[in-house]
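Chain by chain, the residues run as shown.
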Amino acid sequence: MEPRNSRRQRNAPTISDVAKHAGVSPMTVSRVINGETNVRDCTRARVQAAIDALRYAPSSAARALAGGEELRIGLFHSNPSFAYLSAFLMGSLDQASRSNVQLIVEKCDEAGDEQDAVRHLIQSRIDGVILPPPLCDSPAILDALHAAGVSTVAVATGKAPDWALAVTIDDARAAHDMTLHLAALGHRRIGFIVGNPNQSASAARLEGYRAALIDSGLDVDEDLIAPGLFTYRSGLDAAEHLLNRGNPPSAIFASNDDMAAATVSIAHRRGLDVPGDLSVCGFDDTALATTIWPELTTIRQPITDMSRQAVEMLVRDIRSRRAGRDDEAPRHLLVDHMLIRRQSDGARGQRGTG
């Protein structure tokens with residue numbers, strides 16, 4: 001007599017049964033099972049209803065047959081902003097879990113160790129790599145991954161390689177929007193703190209700032225542009241430089257929240273009211289933006305969502321390659337930014353001529 005367990009397993013519903021019940025393809029069922037987001041809500045609901053009705057339980061074998069086998073994805077990081085990195089890791093870890101992906105996080109801080117880091121990940125038999133800033137702009141890392149034929153997604157880069165996947169915002173447009181906002185508040189001398197020159201997004205944000213000044217009928221004063229490195233310390237130095245001028249700005253727009261927070265700190269040390277005497281704005285909308293006082297007006301770059309999308313794009317690309325088919329989804333994804341207004345900006349005050 002056939003064992004009861006064997007008969008139960010043979011009669012258990014399959015992924016094809018779920019697909020037929022829901023009126024969708026097995027691949028769509030697979031996407032729902034693996035938590036991928038490129039499924040319409042109504043379709044996802046139908047699939048879930050079919051799973052519940054059939055009491056379908058996806059086994060490890062079924063997940064593998066459906067294209068849901070566990071993948072190993074590497075994530076390089078070397079970001080000086082703890083707040084940015086935390087948001088990025090939160091999104092990528094969450095989506096990795098949903099997509100049945102093992103995420104291997106590798107730190108790559110010191111210049112010159114990029115080749116060793118890439119070699120270590122490749123030897124770990126990783127299937128793809130995620131590159132958040134600043135490593136998304138590292139020629140050494142990108143060249144090594146391209147040469148090794150590793151699926152790669154660059155996140156928040158201002159200039160993604162044609163061969164790689166990418167998730168970005170329009171940095172120039174975002175900086176343009178913030179600068180126009182400050183000009184509309186009556187500010188005529190708007191300082192700008194540039195990000196790390198090794199990151200392509202820095203140049204794009206500077207470009208947007210300059211273009212907005214011209215569009216507002218304001219002069220582009222190079223003395224109101226200070227170098228930074230996206231670090232809090234560099235923001236302190238840049239803010240001191242701008243505020244030490246004989247005719248200082250009445251508003252300072254920093255290329256990230258860390259440098260904007262540093263600017264607020266310098267203003268407080270000098271007895272300046274923010275925003276009464278000096279408006280300060282940032283970029284990214286990390287947790288830091290709402291943990292200082294006054295809370296920062298900033299550009300929201302959806303870091304957590306971008307990291308989730310990076311994992312999803314990478315998984316889709318790897319599985320398409322394994323199946324020998326082309327992935328028809330866009331390889332370069334442009335996501336929306338948003339200007340978030342809080343308490344750190346206001347109309348031009350009476351201090352100076354700003």
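Overview of the structure. Remember, it's a predicted structure, so these values are computed and weren't measured experimentally.

As a packed pair, helix H2 (residues 15–22) and helix H4 (residues 41–54) sit with axes 9 Å apart at the nearest point and diverge in direction by 120 degrees. If you check the angle between H2 and H4, you find them oblique. The element H2 and its partner H4 pack so that their crossing is right-handed. Contacts between H2 and H4 involve Asp17, Val18, His21 and Ala22 from the first element and Arg46, Val47, Ala50, Ile51, Ala53 and Leu54 from the second. Counted by class, the contact of H2 with H4 contains seven nonpolar, one polar and two charged residues.

This brings us to the nonpolar core. Formed by 45 residues in total, the largest nonpolar core has its most connected members in Ile73, Ile130, Val153, Val155, Tyr209 and Phe253. The greatest single-element share of this core, amounting to eight residues, is contributed by helix H13 (residues 303–323). By size, the runner-up hydrophobic cluster in this structure holds 26 residues, among which are Ala254, Leu272, Val280 and Ala289.

Time to look at the environment of alanine 261. Assignment of secondary structure puts alanine 261 in helix H12 (residues 257–269). Taking the relative accessible area as the measure of exposure, alanine 261 reaches 6% and is therefore buried. Considering only alpha carbons, one finds alanine 261 and valine 280, 19 residues apart in sequence, at a separation of 8.4 Å. Sequence-distant contacts of alanine 261, defined by excluding residues within four places in its chain, comprise Tyr232, Leu288, Ile292 and Leu296.

Next up on the list: the pattern of salt bridges. Summed over the entire model, instances satisfying the criterion amount to 15 salt bridges. Aspartate 171 is paired through a salt bridge with arginine 205; the nearest N and O atoms lie 2.8 Å apart. With a gap of 34 residues between them, aspartate 171 in helix H9 (residues 171–184) and arginine 205 in helix H10 (residues 200–215) connect regions that are remote in the sequence. Both residues of the pair, aspartate 171 and arginine 205, belong to the buried class. Its salt-bridge partner being aspartate 317, residue arginine 321 comes within 3.4 Å of it at the nearest N-O pair. Of this pair, arginine 321 and aspartate 317 both sit in helix H13, separated by four residues, roughly a single helical turn. Among the residues examined, aspartate 317 registers a relative accessible area of 5% and is labelled buried. By sharing partners, the salt bridges in this structure join Asp94, Arg98, Asp305 and Arg308 into a single network.

Strand order in the open sheet formed by six strands is E2-E1-E3-E4-E5-E11, and the pairing between neighbours is parallel. Of all the strands in the sheet, just strand E2 (101–107) and strand E11 (332–334) have a single pairing partner and so form its edges. Between one strand axis and the next, the sheet turns through 15 degrees on average, direction left out of account. In this fold helix H6 (residues 82–98) packs onto strand E1 (71–77), E2, strand E3 (128–131) and strand E4 (151–155), with an angle of close to 155 degrees to the strand it touches most, E2. Helix H8 (residues 139–148) contacts E1, E3 and E4 of the sheet and is inclined by roughly 165 degrees relative to E3.

Okay, the pairing of strand E5 (residues 165–168) next. Burial along E5 is two-sided: Leu165 and Val167 facing one way and Ala166 and Thr168 facing the other are all buried. Summarising the sheet, E4 and E5 pair through three bridges and their orientation is parallel. The residue bridging alanine 154 from the neighbouring strand is alanine 166, located in E5. Note that E5 and E11 share three bridges and pair parallel. The residue of E11 that forms the bridge with alanine 166 is histidine 332.

Right, let's get into the packing of aromatic side chains. According to the stated counting rule, one finds two aromatic pairs in the structure shown. Considering the side-chain rings of phenylalanine 192 and tyrosine 209, the 4.6 Å spacing of their centres and the 15 degrees angle between planes classify their relative orientation as stacked. Here phenylalanine 192, found in strand E6 (residues 190–193), pairs with tyrosine 209, found in helix H10; they are 17 residues apart in sequence, far enough to count as distant. Overall, phenylalanine 192 belongs to the buried group, its relative accessible area being 0%. Taking the relative accessible area as the measure of exposure, tyrosine 209 reaches 1% and is therefore buried. Ring centres of phenylalanine 192 and phenylalanine 253 lie 5.3 Å apart, and the angle between their planes is 70 degrees; this geometry places the pair in the edge-to-face category. Of this pair, phenylalanine 192 sits in strand E6 while phenylalanine 253 sits in strand E8 (residues 251–254), and the two are 61 residues apart along the sequence. For the pair phenylalanine 192 and phenylalanine 253, one class covers both residues: buried. Aromatic ring contacts, followed pair by pair, group Phe192, Tyr209 and Phe253 into a single cluster. Here the basic side chain of arginine 205 rests over the ring of phenylalanine 283, its NZ or CZ set 3.7 Å away from the ring centre.

Each value, and the rule that gives it
- Residues numbered from 1 in each chain as written.
- Predicted model: local features only at pLDDT ≥ 70, side-chain atom pairs only at ≥ 80, totals over all residues.
- Heavy atoms only, no water.
- Axes fitted to C-alpha atoms, helices over the stretch in contact; angles between N-to-C directions.
- Helix = DSSP H or I, 4+ residues; strand = E, 2+ residues; numbered from the N terminus.
- Parallel < 35°, antiparallel > 145°, perpendicular 65-115°, else oblique.
- Left-handed = near helix turned anticlockwise from the far one by under 90°.
- Contact = heavy atoms within 4.5 Å.
- Nonpolar A, V, L, I, M, F, W, Y, C, P; charged D, E, K, R; others polar.
- Core = buried A, V, L, I, M, F, W, Y, C linked by side-chain atoms within 4.5 Å.
- Buried < 20%, exposed > 50% of the residue type's maximum accessible area, 1.4 Å probe, protein only.
- Salt bridge = Lys/Arg side-chain N within 4 Å of Asp/Glu carboxyl O.
- Pairing = 2+ DSSP bridges.
- Phe/Tyr/Trp six-rings, centres within 6.5 Å; stacked < 30°, edge-to-face > 60°.
- Lys NZ or Arg CZ within 6 Å of the ring centre and 35° of its normal.

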